[in-house]
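Here is what each chain is made of, one letter per residue.
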Amino acid sequence: MASTERDHRPPGPDWAERIRRLARERDAVVLAHNYQLPEIQDVAHHTGDSLALSRIAARARESTIVFCGVHFMAETAKILAPDKTVLIPDAAAGCSLAESITAGQLREWKSEHPGAVVVSYVNTTAEVKAETDLCCTSSNAVEVVQSVPADREVLFLPDQFLGAHVRRVTGRGNVHVWAGECHVHAGISGFELSAKAADNPEAELFIHPECGCATSALYLAGAGVVQPERVKILSTGGMLETAKATTAGSVLVATEIGLLHQLRRAAPQVDFQAVNERASCRYMKMITPEKLLRSLRESRDEVTVDPVTAERARAAVERMIAIGHPGEGE
Ligand code: 13P
Ligand code: SF4
């Protein structure tokens, strides 16, 4: 057995019960993103998308938040709940998209567009958020940009595919988009989507707006390869909501494969197939059952954000959780 498989195996049959008991003893709430390993999703108190988890963190009653996700998500929880202890089971769980812009690069970009409103995707570091006017997630990116007066320029960062989606839906020509990308979603290509759609003509298409194939999906709809109403560009939380209501027999899913676990639970009668089975985020999968147990036992890895940076980032993050549909993804 490969060592990664061994690492992911829950440590003992009573593992989930030990996690819940330790969480109670430590007054901790365990949150898990939809891309986590299935066993982590199942043991968490709440599983959801970035927006839903941020909202839950902001109103948590427990004194400790254990964030099973990647580092920027735990940082966002700390910004929203500065008095809580925020833990991540492995502080090395990063994000290639968040790494695609630094605070220095953003300051330089802002200096080229004085007066522009900066809208940052939540997949950014706390330092970048501190230079930001409004944060958004994939659930509410369109609504956040629509909340900016139409005559103001917008700097949208860091994801180019989500940025293109926002420009398309809002019809705004004054949205400038940073050329960053998530290596997992960018790797889900239009070729793979076209081939799978041709083999499954009746399937619905759920496409995350960070995907390289989002434009191809709309092209396929325009060209009549799939019916336009079958193409849905959605956040992970939006996919789950849509799955519960779908009448389709099969759905092609373009996002990180961790979401398939939640989708199959939400709608067991539907055949969900990944557009790209290799679309697995190695950072998300760094959070293993063993590390979650260690996190609760040893109170590690603690996530801190410099208070001045957190103070500067807070307004942008608070506006993010206030905009959009409060129930989505929860
Ligand atoms: P959402 O859960 O907000 O759709 O985020 C996707 C993602 O890539 C998180 O890293
Ligand atoms: Fe970052 Fe992409 Fe992984 Fe999400 S899937 S955490 S955007 S690298």
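Quick caveat: nothing in here was measured; it's all calculated off a predicted structure.

Attention shifts here to the state of the cysteines. Under the defined criterion, the tally for this structure stands at zero disulfides. Of all cysteine sulfurs in the structure, the one in C211 sits closest to C213, which takes part in no disulfide; the separation is 4.5 Å. Residue classification places C213 among the buried positions, given a relative accessible area of 0%.

Another aspect to go through is the pattern of salt bridges. With the rule as written, the count across this model stands at 15 salt bridges. Close ionic contact of K291 with D90 constitutes a salt bridge, the shortest N to O distance being 2.8 Å. Placement of the pair is K291 in helix α15 (residues 289-298) and D90 in the loop between β4 (85-87) and α6 (103-112), with a sequence separation of 201 residues. Sharing partners across several salt bridges, the network here consists of R107, K110, E131 and R312.

Now for helix α14 (residues 259-266). Spacing of three or four residues puts side chains on the same side of an α-helix, whose turn is 3.6 residues. Buried residues of α14: L259, L260, Q262 and L263, and no others. Buried residues along α14 cover an arc of 160° about the axis, so they all sit on one side. If you follow the buried residues of α14, they end up packed against α3 (38-43), β2 (46-48), α13 (236-245), β11 (250-254) and β12 (271-274).

A few words now on the sheet that holds strand β10 (residues 231-233). Backbone hydrogen bonds are what pair the strands of a sheet, in a parallel or an antiparallel way. Sheet architecture is open: four strands sit in the order β10-β9-β11-β12, paired in parallel fashion. Taken across any chain shown, the strands that pair with only one partner, and hence form the sheet edges, are β10 and β12. Averaged over all adjacent pairs, the angle separating strand axes in this sheet is 20°, with direction ignored. The pairing of β11 with β12 spans four bridges and is classified as parallel. Counted as the bridge partner of V251 is F272 from β12. Across the sheet, α14 is in contact with β11 and β12; its angle to β12 comes to roughly 170°.

Here the focus is the site of ligand 1. Near ligand 1 lie 13 residues; those nearest to it are H33, S50, S138, H208 and T236. Within the side chain of S138, a nitrogen or oxygen atom sits 2.8 Å from an oxygen atom of ligand 1. Note that an oxygen atom of ligand 1 is positioned 3.2 Å from one of the side-chain N or O atoms of E210. Bound to the protein, ligand 1 loses 96% of the 300 Å² it would expose on its own. Looking at the shell around ligand 1 residue by residue, the classes come out as three nonpolar, eight polar and two charged.

Among the nonpolar cores identified, the biggest contains 108 residues, and I65, V119, F156, I207, L263, F272 and L292 are the most heavily contacted of them. Apart from the residues within four sequence positions on either side, I65 is in contact with V29, L31, A57, A60, A81, K84, T85, V86 and L87. I101, W109, A116 and V128 belong to the second-largest nonpolar core, a separate cluster that totals nine residues.

Below, the discussion takes up the site of ligand 2. Contacts to ligand 2 come from V70, C95, S96, N123, C182, H183, H185, E210, C281 and M284. Class assignment of the residues belonging to the shell around ligand 2 gives a composition of five nonpolar, four polar and one charged.

Within helix α9 (residues 160-170), burial applies to F161, L162, G163, H165, V166 and T170. The backbone nitrogen of F161 has a side-chain oxygen 3.1 Å away, supplied by the residue at the start of α9, namely D159. In the stretch just after α9, G171 is the one whose phi turns positive, near 70°.

Rules behind the numbers
- Residues numbered from 1 in each chain as written.
- Chains lettered and ligands numbered in written order.
- Predicted model: local features only at pLDDT ≥ 70, side-chain atom pairs only at ≥ 80, totals over all residues.
- Heavy atoms only, no water.
- Disulfide = S-S within 2.5 Å.
- Buried < 20%, exposed > 50% of the residue type's maximum accessible area, 1.4 Å probe, protein only.
- Salt bridge = Lys/Arg side-chain N within 4 Å of Asp/Glu carboxyl O.
- Helix = DSSP H or I, 4+ residues; strand = E, 2+ residues; numbered from the N terminus.
- Arc of directions from axis to C-beta.
- Contact = heavy atoms within 4.5 Å.
- Pairing = 2+ DSSP bridges.
- Axes fitted to C-alpha atoms, helices over the stretch in contact; angles between N-to-C directions.
- Near = heavy atom within 4 Å.
- Polar contact = N/O pair within 3.5 Å; in protein donor to acceptor, adjacent residues only side chain to side chain.
- Areas by Shrake-Rupley, 256 points an atom, 1.4 Å probe, with all protein chains shown as cover.
- Nonpolar A, V, L, I, M, F, W, Y, C, P; charged D, E, K, R; others polar.
- Core = buried A, V, L, I, M, F, W, Y, C linked by side-chain atoms within 4.5 Å.

The analysis is restricted to geometry; functional conclusions fall outside its scope.
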